[in-house]
Amino acid sequence: MLRAISTHVFLPQRLHAGLLDALVAGGAQSIELFAARHHFDYTDRAEMKELAAWFLSNDCRATLHQPIFEASIGIGHWSRHQPATLNLIDPDKSRRISAMDEVKRALDTAEQVNIDSIVLHLGGRDDKWNERSLDLSITAIEHIKAFAHPLGVRTLVETLHNEVTTPEHLLEILRAGHFDTVGVCLDVGHMNLPGMPPLNEAFEILGPRIAELHLHDNGGQRDEHCWPGEGKLDWNVVRDGIAAVSQEAKGVLEIRYEPELPGKVVSEQAAKAFRLLES
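## What about the overall build of the protein chain?
Now for step 1: For the protein chain, the helix and strand inventory stands at 8 helices and 8 strands.
Now for step 2: Compactness check: the protein chain gives a C-alpha radius of gyration of 17 Å against a globular reference of 19 Å for 279 residues, within 12% of the reference.
Now for step 3: Its C-alpha atoms give the protein chain principal-axis dimensions of about 45 × 40 × 35 Å.
Now for step 4: Across the protein chain, every contact between residues at least 6 apart in sequence was considered, and the portion connecting residues at least 24 apart equals 78%.
Now for step 5: Carbon and sulfur atoms make up 48% of the accessible area of the protein chain, which totals about 12100 Å².

Dropping the structure here:
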């Protein structure tokens, strides 16, 4: 498994080279860029050139997490209490189109930064599993995949805490859409929440489809995104699951953010988390 860290841990801050350096110092072999315009403006070509220059000068790979905030929530307008507002399977067609357009704008990052993959969210917490959500999920993946593939970016879908993206339903979506090259991002923290299947079953069901893991902990009731070992997740199950997935799969620490969190603290915590995972 490739060690990776999401910039989500620095989400309230403007992304810069010093923060990226801190992630590498913590052991990251790959960095997942959490797309949000207040965090890094993927529509600003000058800013993207600076980001590309950093990756070119560092031995570190990159992945992308789709934006979950509307374009209007930019610098000076975002707060830590801002809820996700983009939904690729929103019942309202205009909102679906708006969400897809924003994801495509974020994917323009791959024109300058060598992005391995993009992680997609299908639905929000309250979205239900039915024929409509199946059809809308297939349509969303088709549109994003058609845009991402020519850029050399693989499309991944994440297991969220909702009915649409349980391991069984994600496999049904991928099979129904004949998405042989689309992978899954198994979020281990989400599997520790009420109503979700046991984590060992998720590993078994998704098997070779797993291209990425989102690694974080919680107390079993709320999606807290704690550092591994701070909650009640059984990390022995995670380690067993990691042993069975592809060595090219990325294990991404996706940790909650705090205002002005020092890079040094993140480096130390990340190194500790990777030791726990690899012990």
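Continuing now.
## Remarks on the packing of helix H3 (residues 93-107) against helix H4 (residues 131-148)
For any two helices packed against each other, the geometry comes down to the angle between their axes and how far apart the axes lie.
Now for step 1: H4 packs onto H3 with a crossing angle of 30° between their chain directions and a minimal axis gap of 10 Å. As the angle between them shows, H3 and H4 are arranged roughly parallel. Crossing hand, H3 versus H4: right-handed. Contacts from Arg 96, Met 100, Val 103, Lys 104 and Leu 107 in H3 reach Arg 132, Leu 136, Ala 140, His 143, Ile 144, Phe 147 and Ala 148 in H4.
Now for step 2: Looking at the contact of H3 with H4 residue by residue, the class counts come to 8 nonpolar, 1 polar and 3 charged.

## Things to note about the sheet that holds strand E4 (residues 115-120)
Now for step 1: Pairing in this closed barrel of 8 strands is parallel, and the strands run E1-E2-E3-E4-E5-E6-E7-E8 around the ring. Within the sheet, the average angular offset between the axes of one strand and its neighbour, ignoring direction, is 25°.
Now for step 2: Relative to strand E2 (residues 30-34), strand E1 (residues 2-6) runs parallel, the two being bridged by 3 bridges. Each residue of the ladder has a partner; that of Ala 4, found in E2, is Ser 30.
Now for step 3: Its contacts with the sheet place helix H6 (residues 199-206) against strand E6 (183-187) and strand E7 (210-215), and it is angled at close to 175° to E6.

## Observations regarding the pairing of E6
On a regular strand, each side chain points to the face opposite its neighbour's, so the side chains alternate between the two faces of the sheet.
Now for step 1: The buried fraction of E6 amounts to 5 of the 5 residues, a majority that puts the element mostly inside the structure.
Now for step 2: Residues Gly 183, Cys 185 and Asp 187 of E6 are buried on one face, and the alternating residues Val 184 and Leu 186, pointing to the opposite face, are buried as well.
Now for step 3: The pairing of strand E5 (residues 154-158) with E6 spans 3 bridges and is parallel. Its bridge partner lying in E6, Leu 156 is registered against Gly 183.
Now for step 4: Crossover handedness for the path E5 to helix H5 (residues 167-176) to E6: right-handed.
Now for step 5: With 4 bridges connecting them, E6 and E7 associate as parallel partners.

## Re the pattern of salt bridges
Now for step 1: Overall, the coordinates contain 14 salt bridges when judged by the stated rule.
Now for step 2: The salt bridge partner of Arg 256 is Glu 230, with a shortest N-O separation of 3.7 Å. Here Glu 230 lies in the loop between E7 and helix H7 (235-244) and Arg 256 lies in the loop between strand E8 (250-253) and helix H8 (263-278), a separation of 26 residues in the sequence.
Now for step 3: Assessed through its relative accessible area of 29%, Arg 256 is described here as partly exposed.
Now for step 4: What emerges from the salt-bridge pattern is a single network uniting Arg 61, Asp 116, Glu 248 and Lys 250.

## Description of the side chain of Ser 267
Now for step 1: Summarising the element assignment, Ser 267 is placed in helix H8.
Now for step 2: Within the local environment of Ser 267, its side chain forms a polar contact with the backbone oxygen of Ala 22, the two atoms lying 2.6 Å apart.

## Notes on the environment of Val 153
Now for step 1: Relative to the helices and strands, Val 153 is located in the loop between H4 and E5.
Now for step 2: Given the relative accessible area of 4%, Val 153 is considered buried.
Now for step 3: Distance from Val 153 to Leu 86, taken between C-alpha atoms, is 21 Å for residues 67 residues apart in sequence.
Now for step 4: Residues within four places of Val 153 in sequence aside, it is in contact with Leu 107, Ala 110, Ile 115, Asp 116, Ser 117, Ile 118 and Ala 148.

Rules of the game
Think of each chain on its own: its residues are numbered from 1, step by step along the sequence as written. The model is predicted, so local features are restricted to residues of pLDDT at least 70 and side-chain atom pairs to those at 80 or more, both for listing and for counting; the totals for chains, interfaces and linings are taken over all residues. Calculation of side-chain values draws on the structure's entire complement of heavy atoms; hydrogens and water are dropped beforehand. Segments assigned H or I by DSSP are reported as helices when at least four residues long, segments assigned E as strands when at least two residues long, and all are numbered from the N terminus. As defined in this context, the radius of gyration uses C-alpha atoms, and a globule is described by 2.2 Å times the residue total to the power 0.38. Should any heavy atoms of two residues lie within 4.5 Å, those residues are counted as being in contact. Each accessible area is a Shrake-Rupley result for a 1.4 Å probe, and residues are judged covered by the shown protein chains and nothing else. Fitted lines through C-alpha atoms give the axes, limited to the stretch in contact for helices. The angle between two N-to-C directions lies from 0 to 180 degrees. Any angle that is under 35 degrees is reported as roughly parallel, and any over 145 degrees as roughly antiparallel; angles of 65 to 115 degrees are reported as roughly perpendicular and all others as oblique. Crossings are classed by handedness, with left-handed meaning an anticlockwise turn of the near helix from the far one by less than a right angle and right-handed meaning a clockwise turn. In this classification, the charged set is Asp, Glu, Lys and Arg, the nonpolar set is Ala, Val, Leu, Ile, Met, Phe, Trp, Tyr, Cys and Pro, and all remaining amino acids, among them Gly, are polar. DSSP bridges decide pairing: two strands pair if at least two such bridges lie between them. Accessible area is worked out with a 1.4 Å probe on protein chains only. A residue is then buried under 20% of its type maximum, exposed over 50%, and partly exposed in between. Handedness is read with the strands pointing away from the viewer; a crossover is right-handed when the path from the first strand over the helix to the second is clockwise. Only one rule defines a salt bridge in this text: a Lys or Arg side-chain nitrogen within 4 Å of an Asp or Glu carboxyl oxygen. Polar contact is the term for a pair of N or O atoms within 3.5 Å; when the atoms are in protein, one must be able to donate a hydrogen and the other to accept it, and sequence-neighboring residues count only if both atoms are side-chain atoms.

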